[in-house]
Structures are given as structure tokens and as C-alpha cells.
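# Descriptive structure summary
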Amino acid sequence: MMGFALYVAQSGGKHVAAKPLRGYRGAGVLEVVDDYDGDTYRTVYTVRFAEAVYVLHAFQKKSKRGVATPKSESEIVNARLELARQIHAQRTSSRKGDTK
């Protein structure tokens with residue numbers, strides 16, 4: 001299901017299992033949660049940037065203390081969201097210099 005949810009996001013839609021990740025304003029950072037063989041997995045991605053879907057993190061949820069995203073996983077998402085912002089800014093600025 002994770003791959004299909006990302007495909008839907010790339011196509012401009014939102015999979016029914018995709019939900020905004022708590023702690024992020026708006027619906028620009030989403031997560032898809034799926035269970036497989038008794039384990040729970042999460043994929044976090046962003047659609048904040050035009051023409052791009054950036055997968056920020058994918059991990060197995062190991063904590064048994066509720067549905068909250070562990071702090072260490074949130075820190076990874078935050079760092080990668082900033083990296084995605086930088087990459088996207090670099091890509092869009094290089095496109096502006098294209099002479100096509």
C-alpha cells in the first residue's frame with residue numbers, strides 16, 4: 001500500500017490512508033501507516049513543494065506506548081524536511097537558468 005499511496009501523491013491526489021502528520025502545520029507532511037505480519041510501518045512524505053513528492057522517512061513503529069511518533073523519528077523527519085527544502089530550492093533555481 002505504501003508504494004501506491006506515493007503514486008497517488010505523485011499523481012496529485014491523496015490516498016485514503018494518508019493522513020497529516022501531527023506537529024506539522026497544514027497537510028503538507030503526511031504519513032501512511034500500514035500493518036504487515038503483526039508489525040506496523042510508517043512512511044512520511046511531503047507534498048509541500050510544486051512538482052515533487054519527497055519521501056522523508058520510512059520506519060517500523062516499535063513503541064507500544066500509543067500512536068505518537070517517537071522523538072528520534074520526528075528529528076529525522078525534521079532534518080530531512082529541511083534537506084528537501086534545500087534540494088527543491090536548488091532544483092527550481094537551476095531551472096530558472098535553463099534556456100529552453
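Our subject is the structure that appears above.
Quick caveat: nothing in here was measured; it's all calculated off a predicted structure. (Residues numbered from 1 in each chain as written. Predicted model: local features only at pLDDT ≥ 70, side-chain atom pairs only at ≥ 80, totals over all residues. Heavy atoms only, no water.)

## Quick word on the side chain of His15
- Along the chain, His15 turns up in the loop between α1 (2-10) and β1 (18-20).
- Here Ala17 takes part through its backbone nitrogen, which lies 2.9 Å from a polar atom of the side chain of His15.
- Contacts of His15, omitting those with residues within four sequence positions, involve Met1, Phe4, Ala5 and Val8. (Helix = DSSP H or I, 4+ residues; strand = E, 2+ residues; numbered from the N terminus. Polar contact = N/O pair within 3.5 Å; in protein donor to acceptor, adjacent residues only side chain to side chain. Contact = heavy atoms within 4.5 Å.)

## Comments concerning the nonpolar core
- Membership of the largest hydrophobic core is limited to 12 residues, which are Leu21, Tyr24, Val29, Val44, Phe49, Ala52, Tyr54, Leu56, Phe59, Val77, Leu81 and Ala84.
- Contributions of two or more residues to this core are made by β4 (54-61) and α2 (71-96).
- When near neighbours in sequence (up to four residues on either side) are disregarded, Tyr24 contacts Val29, Arg48, Ser74, Val77, Asn78 and Leu81.
- Counting residues in hydrophobic clusters, the runner-up holds 9 residues, among them Ala5, Leu6, Ala17 and Val32. (Core = buried A, V, L, I, M, F, W, Y, C linked by side-chain atoms within 4.5 Å. Buried < 20%, exposed > 50% of the residue type's maximum accessible area, 1.4 Å probe, protein only.)

## Some points on the sheet that holds β1
- Across the sheet, 4 strands lie side by side as β1-β2-β3-β4; this open sheet has antiparallel pairing. Two strands bound the open sheet, and with one partner strand each, they are β1 and β4. Averaged over neighbouring strand pairs, the angle between their axes works out to 25° when direction is ignored.
- In this structure, strand β2 (residues 29-36) lies alongside strand β3 (residues 39-46), joined through 8 bridges in antiparallel fashion. (Pairing = 2+ DSSP bridges. Axes fitted to C-alpha atoms, helices over the stretch in contact; angles between N-to-C directions.)

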